[in-house]
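So you can see what is in the structure, the chains are spelled out below.
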Amino acid sequence: MDKINVELKQITRAESVEIDDQKVVYDSSVDHKGRVPLRSSTGVWKASLFIIAIEFSERLSYFGIATSLIIYLTKVIHQDLKTAAKSVNYWTGVTTSMPLLGGFLADAYLGRFTTVLLSSTIYFLGLLLLTMSRVVPSLKPCESNLCDEQRKVHEPIFFLAIYLISVGTGGHKPSLESFGADQFDDENPEERRKKMSFFNWWNFGLCCGLLLGVTLIVYVQEHVSWAMADVILTVVMASSIAIFYAGRSSYRYRKTTGSPFTPMLNVLVAAIRKRNLQLPSNPSHLHEVPKSETTQRRLLGHTKRLQFLDKAAILNQTQDSIEQQQNPWKLATVTNVEELKLIINMIPIWLTTLPFGICVAQAATFFIKQGLTMNRKIIHNFEISPASIYALTAVGMMISVTIYDKILVPVLRRTTGNERGISILQRIGIGMIFSVSTMIVAALVERKRLNLVHKNPLEGSSTMSVFWLAPQFLILGIGDGFAIVGLQEYFYDQVPDSMRSLGIALYLSVIGAANFISSLLITIVDHTTEKSGKSWFGKDLNSSRLDYFYWLLAIIATVNLCVYVIVARNYSYKNAHCKATMSVADCDDRDNHEAMV
């Protein structure tokens, strides 16, 4: 009878938890007062809209600056083509590498909301300083190559301002995107599906900011003044910070848990200490915290790869097991071991996505510089800025994301049985195919432009419409809709739960490292081709051979794509267990979907 009563109590408790789970969120998040958040009043789209709003503002500012930066450096600061391209690549590289530091601080110590506020403030100060460098008379740029020493102060102030924006981006980008994804409960089937759409619509909002940045802001820069454009960006950023803060009561927050690297170091040390021990034949004999005792994160299932690390979770019977469990440097859990395996398994994926990032880097430098030499008239005497053609990348990405989310995913779900439609790595691979196509098209268009220059040196390519560049920008944007969104989802989803801001930073570091490699590649190609007769990179585009450079990138990206396919086919996705608050049916459904992805 007592046994029956116990079972009835357990059933009643389980039913109660399931009912409560529909009202509150049991994913270790809290509301703005530190309480368990209510599902009806926090998170999901009601919170994400505030977050997407500030992302729109940041992308408006970033692309308003980034796409016209090479023009500013060559026309206002008077750098030559190679130096300007390297300056842009260095700045973009720093901007997209700084999130590694910002993501770490957000995950370990500051929290994502605080990091976003702090970094947005730094971003605002950078914009303010940039505005001052173009408004204050003593800081204004020179109007010619001849410039007295006093007026040369503009250049260091200008670079200080844009690198201050880099620092702001370092905390803003990884924290904001992961904070937005945190608004969806992974353990709730309905919210989990919405979360898959979040990354698509996040990028849709991002593209809206990009679109206005490379059209409206660039138009103001060219036809009104650079200073007025900076004033607009500064005001918009200040307004968006206020909007973001106003939504604080609707957010779900995650508590910081300290450095995510410490448990991984624990695993490595414990595995080395136990390197001579024999692994048990049954993985269930390895040490793990019971599901009922963990509330801060999901437990991970054991995998057969990198078995040397499993030795960190062996219970050594010759020592006091209680003492071992209190010392993480001697005994690790299976979850901690698997988290280290996740990071190690990501390294080949990260490396094989770098050539994609190198192809993307060309759009903000050489593509735009090409547009400057071409006929940009649309109607009568109205000319578009060469930077505005970059808007086609956003258009391509918006079309790609919309079709993928609304048409392809529902069809593919029914066809493949996969909740995502196709796996994350398949989506990235499709985007990489588009990047190869972009370089091929870019090489063909540049060859046509150079032929016109050789036939008519006086007019050059000024008779060739700038819209000849449209296909390469559109194809690149469509590829971004697959690869960029896929990279964001991959690095957020596949990192340990305690490292999600750092995961977004890893995605951004692909673009950052690729920009540095692009600069290095330009230097290597320049020196190599110069020795053989004539450099591919002359003082201007007409004396350069960018078409050869684009063909080189297409070959590198193609070879890399073959390697990526091999790596992706052998990749093992994260195997996360469900929490006790989920129903058995939902848990089984989730495990099946994750197994198929």
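Residues numbered from 1 in each chain as written. Predicted model: local features only at pLDDT ≥ 70, side-chain atom pairs only at ≥ 80, totals over all residues. Heavy atoms only, no water.

**Student:** Hey, could you run me through the overall build of the protein in this one?
**Tutor:** Scanning the protein for helices and strands turns up 20 helices and four strands. Counting the 597 residues in the protein, one finds 54% classified as buried. Sequence separation of 24 or more characterises 82% of the internal contacts of the protein that already satisfy a separation of 6 or more. Working note: accessible area of the protein is about 25,700 Å², and carbon and sulfur atoms make up 63% of it. (Helix = DSSP H or I, 4+ residues; strand = E, 2+ residues; numbered from the N terminus. Buried < 20%, exposed > 50% of the residue type's maximum accessible area, 1.4 Å probe, protein only. Contact = heavy atoms within 4.5 Å. Areas by Shrake-Rupley, 256 points an atom, 1.4 Å probe, with all protein chains shown as cover.)

**Student:** How do you make sense of the side chain of Ser518 when you look at a structure like this?
**Tutor:** As for its placement among the helices and strands, Ser518 is situated in helix H18 (residues 500-531). The exposure class assigned to Ser518 is buried, which follows from its relative accessible area of 1%. If we skip the residues at most four places from it in the chain, Ser518 touches Asn89, Ile358, Ala361 and Gln362.

**Student:** Help me understand the nonpolar core in this model?
**Tutor:** One recurring pattern in soluble globular proteins: nonpolar side chains tend to sit buried together. Membership of the largest hydrophobic core comes to 143 residues, with the highest contact counts inside it found for Phe158, Phe244, Phe366, Leu425, Tyr490, Phe549 and Tyr550. Counting residues per element, this core draws most heavily on H18, at 12 residues. Not counting chain neighbours up to four residues away, the residues in contact with Phe549 comprise Gln362, Phe366, Leu521, Ile522, Val525, Trp536 and Phe537. (Core = buried A, V, L, I, M, F, W, Y, C linked by side-chain atoms within 4.5 Å.)

**Student:** Looking at this model, I keep getting lost on the packing of helix H2 (residues 44-66) against helix H4 (residues 81-97). Mind explaining?
**Tutor:** The packing of two helices is summarised by the inter-axis angle and the distance between the axes. For the pair H2 and H4, the least separation of the axes is 12 Å and the interaxial angle reads 160°. Between H2 and H4, the angle is such that the two are roughly antiparallel. For the element pair H2 and H4, the recorded crossing hand is left-handed. Mapping the contact onto sequence places Tyr62, Ile65 and Ala66 in H2 and Trp91, Thr92 and Thr95 in H4. Along the lines of polarity and charge, the residues of the contact of H2 with H4 split into four nonpolar, two polar and no charged. (Axes fitted to C-alpha atoms, helices over the stretch in contact; angles between N-to-C directions. Parallel < 35°, antiparallel > 145°, perpendicular 65-115°, else oblique. Left-handed = near helix turned anticlockwise from the far one by under 90°. Nonpolar A, V, L, I, M, F, W, Y, C, P; charged D, E, K, R; others polar.)

**Student:** When you look at the packing of aromatic side chains in this model, what are you seeing that I'm missing?
**Tutor:** Ring pairs (aromatic) are described by centroid distance and by the angle formed between their planes. Applying the stated criterion across every chain, the model contains 31 aromatic pairs. When the centroid spacing of 5.9 Å and the interplanar angle of 80° are considered together, the rings of Phe104 and Tyr109 count as edge-to-face. The structure contains a cluster of three or more aromatic residues connected by ring pairs, namely Phe50, Phe113, Phe179, Phe244, Tyr245, Tyr251 and Tyr253. Seen from the ring of Tyr72, Arg134 lies directly overhead, with NZ or CZ sitting 4.4 Å from the centre. Note that Arg545 overlies the ring of Tyr548, its terminal NZ or CZ placed 4.1 Å from the centroid. (Phe/Tyr/Trp six-rings, centres within 6.5 Å; stacked < 30°, edge-to-face > 60°. Lys NZ or Arg CZ within 6 Å of the ring centre and 35° of its normal.)

**Student:** What is the right way to look at helix H5 (residues 99-110) in this model?
**Tutor:** Side chains that are three or four residues apart share a direction in an α-helix, a result of its 3.6 residues per turn. For H5, built from 12 residues, the straight-helix expectation of 16 Å at 1.5 Å per residue is missed by more than 12%, its first-to-last C-alpha distance being only 14 Å. Buried within H5 we find Pro99, Gly102, Gly103, Phe104, Ala106, Asp107 and Ala108. As for H5, its buried residues are in contact with H4, helix H6 (112-135), helix H7 (154-181), helix H10 (261-273) and H18. (Expected span 1.5 Å × (residues − 1).)

**Student:** Even after reading the chapter, I still don't get the pattern of salt bridges, so can you show me in this structure?
**Tutor:** When the charged atoms of two side chains lie near each other, side chains of opposite charge can form a pair. Taken as a whole and judged by the stated rule, the model has 14 salt bridges. Here Arg112 ties to Asp182 by a salt bridge, and the two come within 2.2 Å at their closest N and O atoms. Highlighted residues: Arg112 in helix H6 and Asp182 in the loop between H7 and helix H8 (189-223), separated in sequence by 70 residues. Of the two residues, Arg112 and Asp182, neither departs from the other in class, the shared state being buried. With its nearest N and O atoms 2.9 Å apart, the salt bridge here joins Asp310 to Lys341. Of the two residues, Asp310 is situated in the loop between H10 and helix H11 (321-325) and Lys341 in helix H12 (residues 334-352); the sequence distance between them amounts to 31 residues. Both residues of the pair, Asp310 and Lys341, count as buried. What you see here is one network of salt bridges that share partners, running through Arg39, Asp185, Glu191 and Arg252. (Salt bridge = Lys/Arg side-chain N within 4 Å of Asp/Glu carboxyl O.)

Function cannot be inferred from these measures alone, as they are strictly geometric.
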